[in-house]
Amino acid sequence: MAKKTTGDERIPTHVAFIMDGNGRWAKLRGLPRYLGHKAACERLSSLLRHCRDLGIKVTSFFAFSTENWSRPKDEVDHLMEYLRVFFEKNIDELKENGTRILVSGEIDRLPEATRDICLRAIEETKANDRFYFNVCLNYGGRDEIVRAARLFADDCVNGKRKPSDLTELTFKDYLFVPGLPDVDLLIRTSGEERLSNYLLYEIAYAEFVFTDTYWPDFDDKALDRCLDEYYKRNRRFGGLGNG
Ligand code: IPE
Ligand code: IPE
Ligand code: MG
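Now for a description of the structure that goes with this document.

Conventions we followed
Residues numbered from 1 in each chain as written. Chains lettered and ligands numbered in written order. Predicted model: local features only at pLDDT ≥ 70, side-chain atom pairs only at ≥ 80, totals over all residues. Heavy atoms only, no water. Near = heavy atom within 4 Å. Polar contact = N/O pair within 3.5 Å; in protein donor to acceptor, adjacent residues only side chain to side chain. Helix = DSSP H or I, 4+ residues; strand = E, 2+ residues; numbered from the N terminus. Nonpolar A, V, L, I, M, F, W, Y, C, P; charged D, E, K, R; others polar. Areas by Shrake-Rupley, 256 points an atom, 1.4 Å probe, with all protein chains shown as cover. Buried < 20%, exposed > 50% of the residue type's maximum accessible area, 1.4 Å probe, protein only.

A short note on the site of ligand 1
- Neighbouring ligand 1 are 13 residues, the closest being D20, G23, R24, R33 and R71.
- For ligand 1, an oxygen atom lies 3.4 Å from a polar atom in the backbone of G21.
- In the environment of ligand 1, an oxygen atom lies 2.8 Å from a nitrogen or oxygen atom belonging to the side chain of R33.
- When residues of the shell around ligand 1 are traced back to their parent elements, those giving at least two are α1 (22-28), α2 (33-54) and α3 (73-96).
- Among the elements that make up the shell around ligand 1, the one with the highest residue count is α1 (3 residues).
- Residue composition of the shell around ligand 1, grouped by class: 3 nonpolar, 5 polar and 5 charged.

What follows is the structure, given as structure tokens:
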């Protein structure tokens, strides 16, 4: 089993999670869907601690997609409120343990209270560099790429850049969070095996692990099992790997 292995060189630098299955988790229990999102936010708090204990430097969590606005308003409102509460409860602990909070996605469209707490979290932790916690909120992978292209084009028009400056690396300067390392491991819960428009640029050489567990049940041991699966992979990056 994966253990507390801070300093272990096998530990992936960047693990990205698609936290899926909240609605089905609630339905199984005869609860309204929104209570699945409440349980999901509680799970996120404890899982973050485990990621830190394991020594995972960067984590990304898909909390709300650009496509999720098509859900009933009542569900969206509840989810946004649970996210606000999540930040409220966790900012101090994250600040103290050296975690920098980042948000990928257009936060302007979020309800005011959720947007304000996101901005506060980003501001209050901006000097931290021990861990990076990237919340993908109103996030879409295509949106991120198109936005980056637009920002680069703007810089060309205003003379800061020229088209020949654009490389795979300089393009990253225009993503929501410049400087994030590529994703090493992507974990999606709930049995769905698709990307749903997540981190399309950052995921080019990630290993994928899919698990049937619904997100609110995804505990420390479930993460350990995903890491064990990751350790078995032979990452070749187009070369010959290790045999
Ligand atoms: C993931 O859980 C959370 C969001 C997409 C916001 P779902 O709400 O998609 O749960 P299922 O997939 O319907 O069970
Ligand atoms: C992806 O889950 C988005 C989040 C987990 C926030 P969805 O449940 O929205 O994805 P689809 O609709 O099943 O592809
Ligand atoms: Mg879903």
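A word on unusual backbone geometry
- Its identity as a non-glycine residue notwithstanding, S190 has a phi of 85 degrees, on the positive side.
- Counting through the fold element by element, S190 comes out in the loop between β5 (185-188) and β6 (207-210).
- Even without glycine at this site, N197 takes up a positive phi of about 70 degrees.
- Of note, N197 is situated in the loop between β5 and β6.

A few points about the site of ligand 2
- As a matter of local geometry, ligand 2 sits amid I18, M19, D20, F62, A63, F64, N68, R71, R188, R194 and S196.
- With respect to ligand 2, the side chain of R71 contributes an N or O atom lying 3.3 Å from an oxygen atom.
- A distance of 3.3 Å separates an oxygen atom of ligand 2 from a polar side-chain atom of R188.
- Considered on its own, ligand 2 offers 390 Å² of accessible surface; in the complex 78% of this is hidden by protein.
- Per-element tally for the shell around ligand 2: the top contributor is strand β2 (residues 58-65), with 3 residues.

With respect to the side chain of D20
- Along the chain, D20 falls in the loop between β1 (14-18) and α1.
- On the basis of relative accessible area, D20 is assigned to the buried category, the value being 17%.
- In this structure the side chain of D20 is engaged in a polar contact, spanning 3.2 Å, whose partner is the side chain of S190.

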